[in-house]
Amino acid sequence: MKLTKLQEKPFHLTESEIAWVQDTLSSLTTEEKAGQLFCILGDANSPEGLIDLVQNWHVSGVLFRPNPQKEVRAKYDSLDRYAKVPLLKAANLEEGGAGVLSDGTYFGSQLQVAAADDLTCTEAFAKDCALEGRSVGVNWTFSPVVDIDVNFRNPITNVRTFGSDPDRVLANASAFVRTIQKYGVAASCKHYPGDGVDFRDQHLHPTYNDLSAGDWFATFGRIYQTLIDEGLMSIMVGHIVQPNVIKAVNPQATEADLLPGSQSKEMLTGVLRERFGFNGVIITDATIMGGYTMAMPRREAIPHSIAAGCDMLCFGTDIREDISYILDAVADGRLSQERLDEAVTRVLALKATLNREYPLPELDPKAEQRRCAEKAVTLVKDTKRLLPVTPEQYTNIRLVTLGRDETYDGSMTELAADWLTRQGFTVERYDPMADDLHGTRELPDDRLTLILCNLPAASNQTTVRIKWCDKHALEIPRFVNEEPYAFISFANPYHLQDIPRVPVYINAYTATEATITAALEKLTGQSSFTGVSPVDPFCGLYDTHL
């Protein structure tokens, strides 16, 4: 890599910073350079093992899962003493400071931020990530997710995205990247070449973005090209195959060339480097994922990813073994010294960029979290004009809860029940296992059944659908023609596919106390619905409108 390019975006290095990169590169042995290609999961190692990896294997970056602020700060401070080259300190700041701090702010899902339809909320979201991340030394976030939620059946994108409209995704991603990088945290947009088209999860096996090349360049490609032009510092590449773009770049591509993005020379060098002009750091998504491990033998895949255009590898099944695979490939010529030096140069350039003095944002995270929640809650339908729900009309609320009851702020059921009780409702917590089938003659006319659902998308699961209880599915909105029902989703905007005829459906996108309160305030008419749906909550189905 020509050192003169380090003066260009996204690094814009000064002469002294370039000299540091050059001097540091010259001081590293081949073994030390190999270690600089790896970002490891700190929690997967003992404290002694981490020190060994930093001191003796010279790994470049460390990511910790959420822990209390003091603990994360202490862990990084300890490792700094053993690092020959300053560490990249990474986190998954997808939902706020809670991505690295168990006592941080769970600001909200990206889809909630998009539903607020206000880029000042997006900027506040990024500021919170920067403020709380930097409080423990984090200078690199594996976010934002810039996937387009094309397929509502995808089990992993969902609320992690800014929605299904490429323009909305780009606007929010641009605001997030611009803001967080202003405050000294490098963004890494993911999951190139783009998740959300397949209905499967790349954590489990390679998945596909099978848009035509033209459609891909006009949507996913346009998002990445624009963010690169605006100064994006890094990109995380998924284990997702884009066969049509590979063939457009390389018309002679065979079946063997149709590799996941994390291993595809066409997608990495051909598109990101040569067509889009990206000069920043490219890192794979976690190489422990089935989407990576199943594409080719690991001893070949690890050096192949670097040779194809990646600069770093995220996590590993055995980091020491993976480093040895890099060294073997350098020794036998499969990975050239020139390509190794180019990758390490970019890594060092990112470190030099993040070693500058950056301002800290001024922010009240909790106040901004509440503001975003209040703006985002979305009324999808009220076909029987049941809203607002008041104690004068419905003295009794029968509360049904589905999915994960525990939220970042406590029990979803308890938070909702306490709030409704304070408003003058009598709350009955429904237990379907204590009930039986019954008719409709004796149904009370002063009761509304409120169903609260928290079924978040998560890795390593194959679907996100409601599972009703085994006893006759007694908690379903069975008598929609005889009694009033309302449904609030706090994690997945697509539940109408399973409850198409529920008369009131509300999307709140994130299970926090702020969002639970905001949704209930709007249900009861204490504030207005202002959220704009970033996806099609009707799932393209006819009966969901009924």
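Just so it is clear, the model here is predicted, and its values are computed rather than measured. (Residues numbered from 1 in each chain as written. Predicted model: local features only at pLDDT ≥ 70, side-chain atom pairs only at ≥ 80, totals over all residues. Heavy atoms only, no water.)

A. Quick peek at the sheet that holds strand β5 (residues 186-192). Taken in spatial order, the eight strands line up as β1-β2-β3-β4-β5-β7-β9-β10 and close into a barrel, and their pairing is parallel. As judged from the three bridges shared by β5 and strand β7 (residues 234-237), these two strands associate in the parallel manner. Bridged to Y192 within β7 is V237. Running over the sheet, helix α9 (residues 220-229) touches β5 and β7 and is turned about 165° from β5. Contacting β3 (88-91), β4 (140-141), β5, β9 (281-286) and β10 (312-314), helix α15 (residues 337-354) runs over the sheet at an angle of about 85° to β3. (Pairing = 2+ DSSP bridges. Helix = DSSP H or I, 4+ residues; strand = E, 2+ residues; numbered from the N terminus. Contact = heavy atoms within 4.5 Å. Axes fitted to C-alpha atoms, helices over the stretch in contact; angles between N-to-C directions.)

B. Seen up close, the sheet that holds strand β15 (residues 426-429). Spatially, six strands are ordered β11-β18-β17-β16-β12-β15 in an open sheet, and the strand pairing comes out mixed. Single-partner strands in this sheet number two, and they are β11 (378-382) and β15. Pairwise comparison of adjacent strand axes, ignoring direction, gives a mean angle of 20° for this sheet. Judged from the four bridges that link them, β11 and strand β18 (residues 504-507) form a sheet pairing that is antiparallel. By the bridge assignment for β18, D382 is matched with V504. Against the sheet, helix α18 (residues 513-523) makes contact with β16 (447-454), β17 (485-489) and β18, and its axis sits at roughly 150° relative to β17, the strand it touches most.

C. Fine view of unusual backbone geometry. Cis peptide bonds are those with omega within 30 degrees of zero, and the linkage from K9 to P10 qualifies with 5°. Topologically, P10 is positioned in the segment before α1 (15-27). For the peptide bond that leads from S143 to P144, omega is 5°, which places it in the cis range. Phi is positive for H58, close to 60°, though the residue is something other than glycine. Along the chain, the position of H58 falls in the loop between α3 (47-55) and β2 (61-63). With a relative accessible area of 14%, H58 lands in the buried category. A positive phi angle is found at Y509, which is not glycine, with a value near 75°. As for its placement among the helices and strands, Y509 is situated in the loop between β18 and α18. When its relative accessible area of 3% is taken as the criterion, Y509 is described as buried. (Buried < 20%, exposed > 50% of the residue type's maximum accessible area, 1.4 Å probe, protein only.)

D. Representation of the pairing of strand β12 (residues 396-403). Buried residues dominate β12, accounting for six of its eight residues. Examined bridge by bridge, β12 and β15 share four bridges and lie parallel to one another. The partner of R398 across the bridge, within β15, is E428. For β12 and β16, the ladder comprises eight bridges, and the chain directions are parallel. By the bridge assignment, L402 is partnered in β16 with C453.

E. View of the environment of E362. Summarising the element assignment, E362 is placed in the loop between α15 and α16 (365-376). Separated by 133 residues in sequence, E362 and D229 place their C-alpha atoms 27 Å apart.

F. Fine view of the nonpolar core. Membership of the largest hydrophobic core comes to 129 residues, with the highest contact counts inside it found for W140, W216 and I326. The element best represented in this core is α15, accounting for nine residues. Within the second largest apolar cluster, 31 residues are counted, among which are L415, W419, I506 and A514. (Core = buried A, V, L, I, M, F, W, Y, C linked by side-chain atoms within 4.5 Å.)

G. Just the packing of aromatic side chains, in detail. Applying the stated criterion to the full structure yields twelve aromatic pairs. Measuring from ring centre to ring centre gives 5.1 Å for Y192 and Y224, while their planes differ by 85°; the resulting arrangement is edge-to-face. You can see Y192 sitting in strand β5 and its partner Y224 sitting in helix α9, a full 32 residues away along the chain. When sorted by exposure, Y192 lands in the same class as Y224, which is buried. Pairing F217 with F276 gives two aromatic rings, centres 6.2 Å apart and planes at 85°, and the pair type is edge-to-face. With F217 in helix α8 (residues 213-218) and F276 in the loop between α11 (265-275) and β9, the pair connects residues that are 59 residues apart, well separated along the chain. For the pair F217 and F276, one class covers both residues: buried. One aromatic cluster is present, formed by Y192, W216, F217, Y224 and F276 through successive ring pairs. Between R200 and the ring centre of F199, over which it is positioned, the NZ or CZ distance is 5.6 Å. The ring of F217 has R275 sitting right over it, with the charged end atom 3.8 Å from the ring centre. (Phe/Tyr/Trp six-rings, centres within 6.5 Å; stacked < 30°, edge-to-face > 60°. Lys NZ or Arg CZ within 6 Å of the ring centre and 35° of its normal.)

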